[in-house]
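Results of the structural survey
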Amino acid sequence: MDFLRPASWEEALAAKAEHPTAVPIAGGTDVMVEINFDHRRPEYLLDLNRIVDLYEWETGAESVRLGASVPYTKIMENLRAELPGLALASHTVASPQIRNRGGVGGNLGTASPAGDAHPALLAAGAEVEVESAARGTRLIPVDEFYTGVKRNALRPDELIRAVHVKKADGPQQFSKVGTRNAMVIAVCAFGLALHPATRTVRTGIGSAAPTPVRAGAAEDFLNAALEEGGFWDTGKIITPSVAKRFADLCSAACNPIDDVRGTANYRRHAVGVMARRTLTWTWESYRGARPAPEGAA
């Protein structure tokens, strides 16, 4: 196994172009596990740790450009207001040591359906910035990034440079089920984001299908129910029947497997429970943030 250590982004792109099978490594929290257990033996490792701009972020008017190697700890400490769903998901990642090393770019590169960042990125509406030496930069909507079990839309000579995540314009939540409270791979996970500016809701489901997925039918149902019922305008409590139907549709969006962490039936059930709970939490936050009616004390 050869170790490539570029000093700049341009050198990294050149190395990836020359060695398309090279496996990028930054935090190493996924790659090193696979190597240590002899599940993977790449011909080349491409070390990205010397590339400073991968550890930086920029906050714009509408979105945050998050460098691929920004550690989860930094997201928790600095971007809680702009990216609340991703900050909550970051809290659940493994241990403090892993959160200090791992970043969203690694989650995307590995493309495991159990990656903690995926539901939050799907719910927020993110784009993955990738680049190659030959073709330059392109932005891939996160919905289109996952192509199969641990497979993504990267071409052989491309590297992930950053993730563009829309700043929250409403409450966001993240929930995860595991076999214990820390250092655990998700049995299943769920992200939810309210977008009052567009009067829409987006979801993200992890570890309950071959890839991270959105619950499209559930979103369509809830968007229609909230609009037709005047919920956005009045801020009234969502009725139990609406919440239950939304939860059932989220469960139906799953395509899970039985494995050592949980059964398929349990995953479907748990996703429904998390969908109902996160909807309740986010909607209560939305109602609480609304201005008081005129004349109220």
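Everything here concerns the structure above.
A brief structural summary. (Residues numbered from 1 in each chain as written. Predicted model: local features only at pLDDT ≥ 70, side-chain atom pairs only at ≥ 80, totals over all residues. Heavy atoms only, no water.)

1. Thoughts on the sheet that holds strand S7 (residues 136–141)
- Spatial strand order, S4-S5-S10-S6-S7: five strands in an open sheet with antiparallel pairing. Strands with a single pairing partner mark the edges of an open sheet, and in this sheet they are strand S4 (57–59) and S7. Each strand axis lies, on average, 20 degrees off the axis of its neighbour in the sheet, ignoring direction.
- Sheet topology note: the strand S6 (residues 126–132)/S7 ladder contains six bridges and is antiparallel. Residue pairing across strands places Glu127 opposite Pro141, the latter belonging to S7.
- Of the strands in this sheet, S6 and strand S10 (159–166) are in contact with helix H1 (residues 9–18), which crosses S10 at around 120 degrees. (Pairing = 2+ DSSP bridges. Helix = DSSP H or I, 4+ residues; strand = E, 2+ residues; numbered from the N terminus. Axes fitted to C-alpha atoms, helices over the stretch in contact; angles between N-to-C directions. Contact = heavy atoms within 4.5 Å.)

2. Observations regarding the pairing of strand S12 (residues 188–195)
- The buried fraction of S12 amounts to eight of the eight residues, a majority that puts the element mostly inside the structure.
- Burial along S12 is two-sided: the face carrying Cys188, Phe190, Leu192 and Leu194 and the face carrying Ala189, Gly191, Ala193 and His195 are both buried.
- Two elements, strand S11 (residues 172–177) and S12, share six bridges in a ladder whose sense is antiparallel. Residue pairing for S12: Ser175 is matched across the bridge by Phe190. (Buried < 20%, exposed > 50% of the residue type's maximum accessible area, 1.4 Å probe, protein only.)

3. So, the packing of helix H9 (residues 216–228) against helix H11 (residues 240–252)
- Following both chains from N to C, one finds H9 and H11 inclined at 160 degrees, their axes separated by 8 Å at the closest point. Relative to H11, the element H9 is oriented roughly antiparallel. Of the two possible hands of crossing, H9 and H11 adopt the one that is right-handed. On H11, the residues that touch Ala217, Ala218, Phe221, Leu222 and Ala225 of H9 are Val242, Arg245, Phe246, Leu249 and Cys250.
- For the contact of H9 with H11, the residue count by class is nine nonpolar, no polar and one charged. (Parallel < 35°, antiparallel > 145°, perpendicular 65-115°, else oblique. Left-handed = near helix turned anticlockwise from the far one by under 90°. Nonpolar A, V, L, I, M, F, W, Y, C, P; charged D, E, K, R; others polar.)

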